[in-house]
Amino acid sequence: SISTLASAAGVNVMQQQQGKETLKEIVEEKPMKVKLEGTFTEIVRFLDYLSRLERILRVRDFTISRSNAPDAKKTNRLIFEGDIISYRFVGDSKP
């Protein structure tokens, strides 16, 4: 799960929102909006962990910005916001 990977990478999950699943030809797309906080290294580690999963995922429309936390500048905390789309093969939808 996203929370497990985030915890292993050292990032905090600030927001996680499931989107509506959609069927596209032979795959089902399951989008999720996430907002994470961590250092640059932790965020990159999280993305690396995502890339190693057995399922097909895509990270789309993301931004990385400085955190608004009072100690953000001192601790180099950043905010990652983006969409993570997972895909599931559902087979040929035609009869």
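For the structure itself, look to the data block above.
An account of the accompanying structure is given in this report. Nothing here was measured: the structure is a model prediction, and the numbers come from that model.

## With respect to the packing of helix α1 (residues 2-9) against helix α2 (residues 40-51)
And step 1. Axis separation between α1 and α2 bottoms out at 8 Å; the angle between their running directions is 135°. Taken together, the axes of α1 and α2 lie oblique to each other. Considering how the two elements wind past one another, α1 and α2 form a crossing that is right-handed. Together, I2, L5, A6, A8 and A9 of α1 and E42, R45, F46, Y49 and L50 of α2 make up the contact between the two elements.

## A short note on a nonpolar patch on the surface
And step 1. A cluster of nonpolar side chains, F40, V44, V59, F62 and I64, forms an exposed patch at the surface whose accessible area comes to about 420 Å².
And step 2. Contributing elements (two or more residues each) for the nonpolar patch: α2 and β4 (56-66).
And step 3. Counting residues per element, the nonpolar patch draws most heavily on β4, at three residues.
And step 4. Tracing the backbone shows V44 in helix α2.

## Things to note about the nonpolar core
And step 1. Residues I2, V11, V34, L36, F46, L50 and I84 are the most contacted members of the largest nonpolar core, which totals 14 residues.
And step 2. Contributing elements (two or more residues each) for this core: α1, β3 (27-38), α2 and β5 (78-89).
And step 3. For this core, the element with the highest residue contribution is α1, accounting for four residues.

## Considering unusual backbone geometry
And step 1. Its identity is not glycine, yet D61 carries a phi of approximately 50°, on the positive side.
And step 2. For D61, the location among the structural elements is in strand β4.
And step 3. Judged by relative accessible area, which is 58%, D61 ranks as exposed.
And step 4. Of note, the phi angle at N76 is positive, near 60°, even though the residue is not glycine.
And step 5. With respect to the helices and strands, N76 occurs in the loop between α3 (72-75) and β5.

Quick notes on the rules
- Residues numbered from 1 in each chain as written.
- Predicted model: local features only at pLDDT ≥ 70, side-chain atom pairs only at ≥ 80, totals over all residues.
- Heavy atoms only, no water.
- Axes fitted to C-alpha atoms, helices over the stretch in contact; angles between N-to-C directions.
- Helix = DSSP H or I, 4+ residues; strand = E, 2+ residues; numbered from the N terminus.
- Parallel < 35°, antiparallel > 145°, perpendicular 65-115°, else oblique.
- Left-handed = near helix turned anticlockwise from the far one by under 90°.
- Contact = heavy atoms within 4.5 Å.
- Patch = residues over 30% accessible without salt bridge, like charges linked within 9 Å, V, L, I, M, F, W, Y side chains within 5 Å.
- Areas by Shrake-Rupley, 256 points an atom, 1.4 Å probe, with all protein chains shown as cover.
- Salt bridge = Lys/Arg side-chain N within 4 Å of Asp/Glu carboxyl O.
- Core = buried A, V, L, I, M, F, W, Y, C linked by side-chain atoms within 4.5 Å.
- Buried < 20%, exposed > 50% of the residue type's maximum accessible area, 1.4 Å probe, protein only.

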